[in-house]
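# Report on the structure
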Amino acid sequence: MPDFFKGFLRKKYIIGLDIGTASIKLAQFLKHENGLHLIRAKFLEISEKKDAVLSLKEILGDVDVKNSQLITLVNSNQVMVKRIVLPSMPVSELKEALSLEAKNYFPVSVTDSLLDFEITGEVWEKGIKKAELLAVICPNAVIKEHLSLLAQAGLEPVKIIHPSLSLYNLLKLKKFKEAQNVAAVDIGKNFSELIIVQDGKLTFNRKLPVSGDDFTKAAMSPLISASGKIQLTYEEAEKIKREYGIPDELSSQLIENKITTTQLFSLLRPVVEKLAQEIERSFDFYREET
């Protein structure tokens, strides 16, 4: 066995790393005979005063990277996952067929992107057996930038995955009943990610044009009350959003001595309604597709 693979198998830990726009999230697992054991979870805000490389080194300060396999997430508006059905053929031919068909599924240049896939099963269409694929496309520039950032921090990933696949892997652990549709939404700083899993397979995903920042900015809208004009700063709105979320009990009680739950709800409601509409649109499209 080559030395590389011997070293790979000897790795004691697995690290999951999510470098987002506003924060870095890390989870470290210990490999064990009966599965993976979570031994460390860390969260670090990305500060404007500190670049991403320094933030990476900080969050990894007490982590045994040398004896770990690193798996990272990559996401942007141009990174996409699609369910694609192609005629059954050898894997080597599937790669070529997918390259030719990709332009019909992805609105980005295939020649300037990394295209990968996994076979998720077989389907029958009009009596013909076909291969069901999960295909992922990512611009080379995005991958290059991501790898460069990791290299500056002394890191080299063994796998790079898309957040939709991460959500999918998480849902698979729940072992839902057959023929059950399950949806999940991940609300990020700049956009949200929605996936639908049917019969244990990722069958639909879509980026939603509603983000966590939309909620923060909505909470910053000025209000006129009996005590005068009220307007939260970005930092205040972000803190209140994270700690209190969308109020389910409306009252005149002040939050952080700044705003009532009724006022906060009135500011956030348009964004909540927009998110609900985008989710419903996605469900409608999914029903038509399937």
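So, here's what we can say about the structure. (Residues numbered from 1 in each chain as written. Predicted model: local features only at pLDDT ≥ 70, side-chain atom pairs only at ≥ 80, totals over all residues. Heavy atoms only, no water.)

### Section: the overall build of the protein
Looking only at helices and strands, one finds 8 helices and 15 strands in the protein. Its C-alpha atoms give the protein principal-axis dimensions of about 70 × 50 × 40 Å. Scored against the burial criterion, the 290 residues of the protein give a buried share of 38%. Nonlocal contacts in the protein, meaning residues at least 24 apart in sequence, comprise 54% of its contacts between residues at least 6 apart. Surface exposure of the protein reaches about 17,700 Å², of which carbon and sulfur atoms provide 53%. Charge-centre separation for the protein: the mean point of 39 positive side chains lies 3 Å from the mean point of 39 negative side chains. (Helix = DSSP H or I, 4+ residues; strand = E, 2+ residues; numbered from the N terminus. Buried < 20%, exposed > 50% of the residue type's maximum accessible area, 1.4 Å probe, protein only. Contact = heavy atoms within 4.5 Å. Areas by Shrake-Rupley, 256 points an atom, 1.4 Å probe, with all protein chains shown as cover. Lys, Arg positive; Asp, Glu negative; His and termini not counted. Charge placed at Lys NZ, Arg CZ, Asp CG, Glu CD.)

### Points about the sheet that holds strand β5 (residues 80–87)
Pairing within the open sheet is antiparallel, and its 3 strands lie in the order β5-β7-β6. Each edge of the sheet is formed by a strand with only one pairing partner; in this case those strands are β5 and β6 (113–125). Taken pair by pair, the neighbouring strands of this sheet meet at an average axis angle of 25 degrees, ignoring direction. Where β5 and strand β7 (residues 128–139) come together, 8 bridges link them in antiparallel fashion. Paired with V85 across the two strands is E132, which belongs to β7. Contacts from helix α4 (residues 140–152) reach β6 and β7 within the one sheet, and its direction differs from that of β7 by about 55 degrees. (Pairing = 2+ DSSP bridges. Axes fitted to C-alpha atoms, helices over the stretch in contact; angles between N-to-C directions.)

### Notes on the side chain of E132
Here E132 shows up in strand β7. There is a polar contact of 2.6 Å between the side chain of E132 and the side chain of R83. For E132, the contacting residues outside a window of four places in its chain are R83, I84, E118, I119, T120, G121, V123 and K201. (Polar contact = N/O pair within 3.5 Å; in protein donor to acceptor, adjacent residues only side chain to side chain.)

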